[in-house]
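Residue-level structure breakdown
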Amino acid sequence: MFAVIATGGKQYCVSEGQRVRVERLSADVGDELSFEALLIGGQEGSETRIGTSGKPVGQVRATVCEHGRAKKIEVIKFKRRKDYRRTLGHRQQFTTVEIAGIELPKAPAEKAPAKKAAEKKAPAKKTAAKKAPAKKAAADKAGEES
């Protein structure tokens, strides 16, 4: 079973038992979390269910494993021949979560399509009025003189 969750402004495709690094969450190690914003979910070989941002398809349960900081990224600015150098560094904070389970509600039974009362015919297309061909009086006179 798989699902796509949204957290920290990013989307992650997850499955049960998988460990995922997400943006830093304000939860202690060992806490249980649930991600409500489930966008897509389904099982291998079955129908995939797609939700919207206002109405999630299901719920994903996860456990916080650890908090940490990623490797340092160095940002270097310089301008040649100007004696200008600046060095900055950044370490992004993350939280590692382990996906404990994915819960999808059962699909509702499909209803039979309603019968149409009467099919409406498409209105007939209007044909454009044909224009009379332009008279070639000048061309005819030139032909007679020769």
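Residues numbered from 1 in each chain as written. Predicted model: local features only at pLDDT ≥ 70, side-chain atom pairs only at ≥ 80, totals over all residues. Heavy atoms only, no water.

It is worth spelling out unusual backbone geometry at this point. Of note in the backbone geometry, Arg81 takes a positive phi value of approximately 60° without being a glycine. In this fold, Arg81 is placed in the loop between strand S8 (73-79) and strand S9 (84-90). We classify Arg81 as exposed; its relative accessible area is 72%. For Asp83, which is not glycine, the phi dihedral falls at a positive 55°. Take Asp83: it is sitting in the loop between S8 and S9. Judged by relative accessible area, which is 71%, Asp83 ranks as exposed. (Helix = DSSP H or I, 4+ residues; strand = E, 2+ residues; numbered from the N terminus. Buried < 20%, exposed > 50% of the residue type's maximum accessible area, 1.4 Å probe, protein only.)

A few words on the sheet that holds strand S2 (residues 10-15). Spatially, S2-S1-S5-S6 is the arrangement adopted by the 4 strands of the open sheet, whose pairing is antiparallel. Strands with a single pairing partner mark the edges of an open sheet, and in this sheet they are S2 and strand S6 (49-50). (Pairing = 2+ DSSP bridges.)

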